[in-house]
Amino acid sequence: MTARAVATGREAFFEIGAVARELGVAPSTLRTWERRYRLIVPLRGASGQRLYDADQVRRLRLIQTQIRRGARAGAAHNAASGPVPLRSEHVELEPSADAPRRARQAVDTVAEAAGNGRFSFFLRLVASELVNNAVMHGVAREPISLDVDLFDDWAQVRVRNAGGRFSLRNLRKRRPSAGRGLEIVDALAEAWTIDSGPFGTTVTVRLPLERAPQGFETSAER
Amino acid sequence: MSAWGGLTMTDRAARKGENESWFREVNERLENRALEARGFDPGATLEIVCECAREECTERLAIPLAEYERVRTNPRAFILRPGHAELAYERVLTSGQEYAIVEKDGDAAVAAQAADPRSRS
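Reading the values: the criteria
- Residues numbered from 1 in each chain as written.
- Chains lettered and ligands numbered in written order.
- Predicted model: local features only at pLDDT ≥ 70, side-chain atom pairs only at ≥ 80, totals over all residues.
- Helix = DSSP H or I, 4+ residues; strand = E, 2+ residues; numbered from the N terminus.
- Buried ≥ 20, exposed ≤ 12 C-beta atoms within 10 Å, placed from the backbone.
- Contact = placed C-beta atoms within 7 Å.
- Pairing = 2+ DSSP bridges.
- Axes fitted to C-alpha atoms, helices over the stretch in contact; angles between N-to-C directions.
- Parallel < 35°, antiparallel > 145°, perpendicular 65-115°, else oblique.
- Left-handed = near helix turned anticlockwise from the far one by under 90°.
- Nonpolar A, V, L, I, M, F, W, Y, C, P; charged D, E, K, R; others polar.
- Core = buried A, V, L, I, M, F, W, Y, C linked by C-beta atoms within 7 Å.
- pLDDT = per-residue confidence, 0-100.

### What to know about the overall build of chain B
For chain B, the helix and strand inventory stands at 4 helices and 7 strands. The proportion of buried residues among the 121 residues of chain B is 40%. Across chain B, every contact between residues at least 6 apart in sequence was considered, and the portion connecting residues at least 24 apart equals 48%.

### Re unusual backbone geometry
Residues and elements named next belong to chain A. The phi dihedral of Arg38 falls on the positive side, at around 55°, and the residue is not glycine. Within the secondary structure layout, Arg38 lies in the loop between helix 2 (27-37) and strand 3 (43-44). The exposure class assigned to Arg38 is exposed, which follows from the 9 C-beta atoms found within 10 Å.

### Regarding the pairing of strand 6 (residues 144-150) of chain A
Residues and elements named next belong to chain A. Extensive coverage of strand 6 is indicated by the burial of 6 of its 7 residues. Bridge count between strand 5 (residues 87-93) and strand 6: 7 bridges; the pairing is antiparallel. Note on strand 6: the bridge partner recorded for Glu89 is Val148. Pairing between strand 6 and strand 7 (residues 154-162): 6 bridges, direction antiparallel.

### Quick notes on the sheet that holds strand 7 (residues 100-104) of chain B
Residue and element names in this part refer to chain B. Reading across from one edge, 5-7-6 is the order of the 3 strands in this open sheet, with antiparallel pairing throughout. Of all strands in the sheet, those with a lone pairing partner are strand 5 (77-80) and strand 6 (90-95), marking the two edges. When strand polarity is set aside, the average angle formed by the axes of neighbouring strands in this sheet is 30°. Across 4 bridges, strand 5 lies against strand 7 in antiparallel orientation. Paired with Leu80 across the strands is Ala100, a residue of strand 7.

### Things to note about the environment of Glu142 of chain A
Residue and element names in this part refer to chain A. Position of Glu142 relative to the elements: it lies in the loop between helix 6 (117-137) and strand 6. Glu142 gets classed as partly exposed once you count the C-beta atoms within 10 Å, which come to 17. Residues within four places of Glu142 in sequence aside, it is in contact with Asn161 and Ala162.

### Here's the deal with the packing of helix 6 of chain A against helix 8 (residues 180-188) of chain A
All names here are of chain A. At a minimum axis separation of 9 Å, helix 6 and helix 8 run at an interaxial angle of 150°. When the axes of helix 6 and helix 8 are compared, the pair comes out roughly antiparallel. The handedness of the crossing between helix 6 and helix 8 comes out as left-handed. Contacts from Phe122, Leu125, Val126, Glu129, Leu130, Asn132 and Asn133 in helix 6 reach Gly181, Ile184, Val185 and Leu188 in helix 8. Within the contact of helix 6 with helix 8, the residues separate by chemical class into 7 nonpolar, 3 polar and 1 charged.

### Structural notes on the nonpolar core
Residues and elements named next belong to chain A. With 58 residues, the main nonpolar core has Leu123, Val126, Ala127, Val131 and Val157 as its most contacted residues. Of all the elements, helix 6 adds the most residues to this core, at 11 residues. What Ala127 contacts, discounting residues up to four positions off in sequence, is Ala103, Arg104, Val107, Leu146, Val148 and Val157. Ranked by size, the runner-up nonpolar core spans 13 residues in total, among them Ile40, Val57, Leu60 and Ala76.

### Some points on the sheet that holds strand 6 of chain A
Residue and element names in this part refer to chain A. Spatially, 5-6-7-9-8 is the arrangement adopted by the 5 strands of the open sheet, whose pairing is antiparallel. Pairing within the sheet leaves two strands with one partner each, and these edge strands are strand 5 and strand 8 (191-197). Across the sheet, the mean angle separating the axes of adjacent strands is 10° when strand polarity is ignored. Relative to strand 9 (residues 200-208), strand 8 runs antiparallel, the two being bridged by 7 bridges. Each residue of the ladder has a partner; that of Trp192, found in strand 9, is Val205.

### Some remarks on the confidence of the model for chain B
Detailed reading of predicted coordinates is not advised where the pLDDT is low. All names here are of chain B. Per-residue pLDDT for chain B averages 87, and the proportion of residues at 70 or more is 88%. The least confident element of chain B, judged by mean pLDDT, is strand 1 (residues 2-4) at 51; the most confident is strand 5 at 96. ipTM for the predicted complex: 0.86, alongside a pTM of 0.76.

See below:
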């Protein structure tokens, strides 16, 4: 953030004008959200001015991103009430043979912040397998949506594709080799869910950031 | 140059070695899942990912579980699709239609051993 930050002994705080400019909203919008939702309540300075810390600014950024994607302000605040990602990436991918490669690239923009080559490799693998599945089983003319969020010690990958209800059992009846990508996901993930309905399928995967064992550092961890 | 597994190697060689070791780790987890689900049946077939150096290669291959276990007793050995070996730093021990077994040479072998999950435990 380039606008004026107020330095205290330990961390920087940001005034409402700076935060509003970064988010592209009016200061009055931030005051309204504060009053209405009580999620982001800034500290007050000596003269009563609002002072936002870095975590509050991250949450506001997340709220604004959700709103830009079409969420209502209330829903966006609900979504931002949990852990706030350190980094996020959202891409819409054409459902082509090139989509898994582009998914890996999108993951890299987020994963490099973790500074862990092994974790980045697993994250890229999970994303590319999910996107590959979406290419195979989704609707050819509808884009595939990929969201990657990096948190302190885990990451979340979410892939959505349009299409009919997904059933692994039915899929395997037709083609025994189908669904192998999900086996890799299952082997690497801490948790994963699949939400499939008449209009599409969303797979959400949580991947833990496990450090490499002592004495074996990877090139990205140096 | 990079230090990988305590060795100094070119960045490219180190990255390739890392990819192979991480694919091996994926396969170890796939095997664990299979054992949890079905128990140990030496006659069963395990579906794994090619452990070659190319990250984009996620080709699948089927290997008898007993053979997979035999390969894993050698921390320098990897299981690849035939034709995926990098002969600059690994040699082909056996090759069939479905898979090839390769063994690392030189520094790559020491690094592969250092990264072996079974050697660490």
